[in-house]
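Reading the structure
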Amino acid sequence: MKAFYKNNNGLIETQKWTPNCWINIESPTETEKKYLLEELQIPEAFYNDIEDIDERPRIEIEDGWTLIIMRVPIKSNDIKLPFQTIPIGVIFKADICVTISFYKTEMISDFVQYTKRKNINTKDNFDLVLRLLLSSSVWYLKYLKQINQKIKLAEDNLEKSIKNQELQALLQIEKCLVFFITSLKGNDVLFHRIKNLKAHREHFDPDLLEDVDIELSQAQDTANIYSNILTGMMDAYASVISNNMNNIMKQMTSISIILMIPTLIASLYGMNVPNGLEESKYGFWILLFVSVILSSCGAFLFKRRRWF
């Protein structure tokens, strides 16, 4: 999907390209790819880099074109990975500025609406990049709140019953947090590289730089806190599972020892040697009575935890 935006007290969508407008393309088709590579003549290597789902945030300059790749969060339809991050590329040169994403995101439409509400005009391409970084950090925080709710839900379910399903849910959340933390670190490195560009840093809005720095730091800290909480929770439940297993093994050992008593008595008096009861007509009942008494005593002692 291709859309053109221009400054007019916020980003306003237009029907065709004009100089210095912003071109946003999500999930590009073959026609849109041809438009990018043949009409706008952006480097094909840049296009291929953005297409790579694992591409790291970075800034690169080639033949006058500038490529900036950042990673933004999205909500996934994959049950095993409810949240993940994707690369968004910003490519610009002279009066051409294009953003390309191979996945549909909520961030772009929200960013456009935000500029309209706040009457924000982007001064230049780097100003657009910084505002997109700011918007992505806000969306990281939004999704982190949803992840925190999932952690609480899984914790409540685990308090009722420790099942594989709840533990798998925690593992899925942990995987999402790993993606978030890694992507946020990459975005933070990218931000500081842009911030320290000698040719442009004098033109940056200091308030915007401060806002981006604060939101990025807050998103990283929040992701790390949730990750530490989740790690501690999983370690605690692992200890609970191990303790439950030890209790079960104790009970099984107790039952085995109790059952061994009548077996031992029957084995001793079942030998083909004189034992004093071979001629008694009450020998069987005597052994049965002794076995029951000893087994009952053993069960009582185990119940009172005197042996363990």
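Structure: see above.
This write-up is about the structure you can find in this document. Counting restarts for each chain, with residues numbered from 1 along the sequence as it is written. Totals for whole chains, interfaces and linings use all residues, but because this is a predicted model, local features are given only for residues with pLDDT of at least 70 and pairs of side-chain atoms are given and counted only at 80 or more. Neither water nor hydrogens contribute to the side-chain values; these are computed over all heavy atoms in the structure.

Considerations on the overall build of the chain
Each helix is a run of H or I in the DSSP string that is no shorter than four residues. Each strand is a run of E no shorter than two, and both are numbered from the N terminus. Of the regular secondary structure elements, the chain holds seven helices and seven strands. The helix and strand sequence of the chain, counted from the amino end, reads β-β-β-α-α-β-β-β-β-α-α-α-α-α. Going through the 308 residues of the chain one by one, you find that 42% of them count as buried. When the accessible surface of the chain is totalled, it reaches about 18000 Å², and 54% of it is carbon and sulfur. Accessibility here uses a 1.4 Å probe with only protein chains present; expressed as a share of the type maximum, an area under 20% marks a residue as buried, one over 50% as exposed, and anything in between as partly exposed. Areas reported as accessible are Shrake-Rupley estimates using a 1.4 Å probe. Residue values count occlusion only from the protein chains shown.

Some words on the sheet that holds strand 4 (residues 58-62)
Two strands are counted as paired when DSSP detects at least two bridges linking them. Taking strand neighbours across the sheet as the criterion, the seven strands line up as 2-1-3-7-6-5-4 in an open arrangement whose pairing is mixed. Looking at strand neighbours, the two that pair on one side only are strand 2 (11-14) and strand 4, the edges of this open sheet. On average, adjacent strands in this sheet sit at an angle of 25° to one another, irrespective of strand direction. Here strand 1 (residues 2-7) pairs with strand 2 via four bridges, running antiparallel. Directly across from Phe 4, in strand 2, lies its bridge partner Thr 14. Along the sheet face, helix 1 (residues 30-39) touches strand 1, strand 3 (22-26) and strand 7 (96-101) and points at about 140° away from the line of strand 3. Inter-axis angles, ranging from 0 to 180 degrees, are taken between N-to-C directions of lines fitted to C-alpha atoms, where helices are fitted over the stretch in contact. When checking whether two residues touch, look at their non-hydrogen atoms; a contact exists if any pair is within 4.5 Å.

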